[in-house]
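Descriptive analysis of the structure
Read off the chains here:
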Amino acid sequence: MVPGQQIPDRFEEISFSSLPGWQDDDHAAALVGFLRLCRKPDILTQDKVFPPIDTSDLQKLCDDAEKAAGAGGDAPRTFFESQFTPLRIAQSGFVTGYFEPELAASRVRTDEFRYPLLKKPDGLEAITPENRPQDWPGTLSHGRRINGRLTEMPDRGAIMDGKLDTESLELVWLADPIDAYFVHVQGSARLRLADGTAMRVGYAGKTGHPYTGIARLLVTRGEGTPEDFTAAGLRAWLEAHPDERDQLFRQNRSFIFFREVDEIGLSDGPVGAAGLPLVAGRSLAVDPHFIPYGTMVFVASTLEDHDSGNAPFRRLMVADDTGSAIKGPARGDIFVGSGQTAGAIAGEIRHKADFTILVPTIRLVPSSVATD
């Protein structure tokens, strides 16, 4: 980095030697995550926080990564230390966990399978500064274009009351409304269909209304503490209070639409917001307004790392997904994997964490002063 080069105030330049647990991480596994990005270079060339990286510089960076992966040993760690500058996010952070549920489902409605996941309706589009109507609140992130005019989508409560029932948007049917709600929160699922086949569903869009965590609402109401309302605790409360369940769901106005994902194998992870299959334990959902997709993020937390003998979680991850509840510069959601075991682990993750992003050093050198 060139002396005096300005970096955003929320970052603090540090050394790799000051990162707790850096030496003990599996840098080869982290490098595999980085190489996925090289196969989709448009992710790495765009960055709203730091200057864009030149195509030729990116090619060299990826070539060096390939060589390091092939060399093994300490080469992956040396690659990161020689090619990146660690910038710590100068505020306390927080991590949660998420997973991909595996559920029974049916492509047609039956007496058992009565709760649908919906496809994206025609005309749904993200709101940008260019297309936002002047009278729209800033909290709306999506709308629906009808006859050339953007209109507000119905929220969760209105959809539960049947607002979209006449549009035949049902993609697949689940047996449990609580399962359906949790799929909305997780954003994807692997489904075992009644006819013996399998399918994967993933995020396709949303109504655009703000996300409200219903577990937090229960804490505010005095129903329990945050520790009581992990994913397992929230599910237990919902199952014990069926008469209050739907009213609580309605208070989260955000509603998610899904698509069938058939471009990857069922053995791969679900596709994240960056367009890449997620990797259990190495994929991190972030707020892309603060941490761009494709950023390498070192997460240090008191969370127990189940893959490392329950040592504290110290791991280099890839920012390749997001979520409605992930807001702010020091907020992350760790993708744990798929299935019931992953769900149990993910549901218990609610821990403070420190975030350090690794920025390609070339990004911190103005082109006018760059040297060979």
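Let me sum up the structure you'll find in this document. The residue numbers shown here count from 1 along each chain, following its written sequence. Local features in this predicted model are restricted to residues of pLDDT 70 or higher, and side-chain atom pairs are both shown and tallied only at a pLDDT of 80 or more, whereas totals for entire chains, interfaces and linings draw on every residue. The side-chain quantities take in all heavy atoms of the structure and omit both hydrogens and water.

Side note on the overall build of the protein chain
Using the following cut-off: In DSSP terms, a helix is any run of H or I states spanning at least four residues, a strand is any run of E spanning at least two, and both are numbered starting from the N terminus. The globule rule is 2.2 Å times the number of residues to the power 0.38, and the radius of gyration it is compared with is taken over C-alpha atoms. Burial classification: accessible surface area is computed with a 1.4 Å probe over protein chains only, and a residue below 20% of its type maximum counts as buried, one above 50% as exposed, and the rest as partly exposed. Only heavy atoms matter for contacts: two residues are in contact if any of them lie within 4.5 Å across the pair. Under the counting rule used here, the positive set is Lys and Arg, the negative set is Asp and Glu, and His together with the chain ends is not counted. Lysine's charge is taken at NZ, arginine's at CZ, aspartate's at CG and glutamate's at CD.
Scanning the protein chain from terminus to terminus reveals 10 helices and 17 strands. Over its C-alpha trace the protein chain gives a radius of gyration of 22 Å, about what one expects of a compact globule, namely 21 Å for 372 residues. Taken along the three principal axes of its C-alpha coordinates, the protein chain extends 65 × 50 × 45 Å. For the protein chain, the residues scored as buried account for 48% of the 372 residues in total. Counting contacts in the protein chain only where the partners sit at least 6 residues apart, residues at least 24 apart contribute 76% of the total. Here the protein chain contributes 39 positive and 53 negative side-chain charges, whose respective centroids are spaced 4 Å apart.

A short note on the pairing of strand β14 (residues 296–305)
Rule in force here: For two strands to be treated as a pair, DSSP must find no fewer than two bridges joining them.
The buried count for β14 comes to eight of 10 residues, which makes it a mostly enclosed element. Sheet topology places β14 next to strand β15 (residues 311–321); seven bridges connect them, and they run antiparallel. Bridge pairing in β15 places Glu-304 opposite Pro-312. Note: β14 against strand β17 (residues 350–360), six bridges, orientation antiparallel. Across the sheet, the residue bridging to Val-297 is Ile-357, located in β17.

Comments concerning the nonpolar core
Selection rule: To qualify as a nonpolar core, a set must consist of buried Ala, Val, Leu, Ile, Met, Phe, Trp, Tyr and Cys residues joined through side-chain atoms within 4.5 Å.
One finds Phe-34, Phe-79, Phe-80, Phe-84 and Met-296 to be the most contacted residues of the largest nonpolar core, which totals 30 residues. Listing elements by their share of this core, those giving two or more residues are α1 (27–38), α2 (42–45), α3 (55–71), α4 (75–83), β14 and β15. The biggest single contributor to this core is α1, with six residues. Not counting residues within four places of it along the chain, the set of residues in contact with Met-296 comprises Ala-30, Phe-34, Leu-37, Phe-80, Phe-84, Leu-316, Met-317, Val-318, Thr-356, Ile-357 and Leu-358.

So, helix α10 (residues 340–347)
Since the α-helix turns once every 3.6 residues, residues separated by three or four places project in the same direction. Rule in force here: The directions from the helix axis to the C-beta atoms form the arc being described.
The set of residues buried in α10 consists of Ala-342, Gly-343, Ala-346 and Gly-347. For α10, the angular spread of the buried residues around the axis is 130 degrees, confining them to a single face. At its buried positions, α10 is contacted by β3 (93–100), α8 (231–240) and β16 (331–338).

Here's the deal with the state of the cysteines
Here is the rule: In this description, the term disulfide denotes a pair of cysteine sulfurs within 2.5 Å.
Applying the stated criterion to the full structure yields one disulfide. Covalently, Cys-38 is tied to Cys-62 through a disulfide, its sulfur atoms 2.1 Å apart. Taking the sign of the S-S torsion, -90 degrees for the link of Cys-38 and Cys-62, the bridge is left-handed. A residue pair is termed long-range when its members are at least 10 positions apart, and Cys-38 in helix α1 and Cys-62 in helix α3 qualify at 24 residues. For Cys-38, a relative accessible area of 18% corresponds to the buried category.

Considerations on the sheet that holds strand β8 (residues 149–151)
Put simply, the rule is: Axis geometry follows a simple rule: fit a line to the C-alpha atoms, using only the stretch in contact for helices, then measure angles between N-to-C directions, giving values from 0 to 180 degrees.
Strand order in the open sheet formed by three strands is β6-β7-β8, with antiparallel pairing between adjacent strands. Because the sheet does not close on itself, it has two edges, and the strands there are β6 (124–126) and β8. Looking at each pair of strands side by side, their axes are set apart by 45 degrees on average, direction ignored. By the bridge criterion, three bridges tie β6 to strand β7 (residues 142–146) in an arrangement that is antiparallel. Looking at the pairing, Ala-126 lines up with His-142 of β7.

A few points about the layout of surface pockets
Let me state the cut-off plainly: Throughout, the protein atoms alone are placed on a 1 Å grid, and a set of points is a cavity if a 1.4 Å probe fits but cannot get out or a pocket if it is open with protein on both sides within 12 Å along at least five of seven lines; lining residues have an atom within 4 Å of a point. Grid points are joined across faces, edges and corners, and a volume is the space filled by probe spheres set on the points. Each residue is assigned to one of three groups, with Ala, Val, Leu, Ile, Met, Phe, Trp, Tyr, Cys and Pro labelled nonpolar, Asp, Glu, Lys and Arg labelled charged, and all others, Gly among them, labelled polar.
Roughly 550 Å³ of volume is contained in the second largest pocket. Along its surface, the second largest pocket is lined by 22 residues, and Arg-114, Tyr-115, Pro-116, Ile-159 and Met-160 are the ones closest to its centre. Every element with two or more residues in the lining of the second largest pocket is listed here: β5 (115–118), α5 (156–160), β9 (170–174), α6 (177–186) and α9 (242–250). Among the residues making up the lining of the second largest pocket, the classes are represented as 12 nonpolar, two polar and eight charged.

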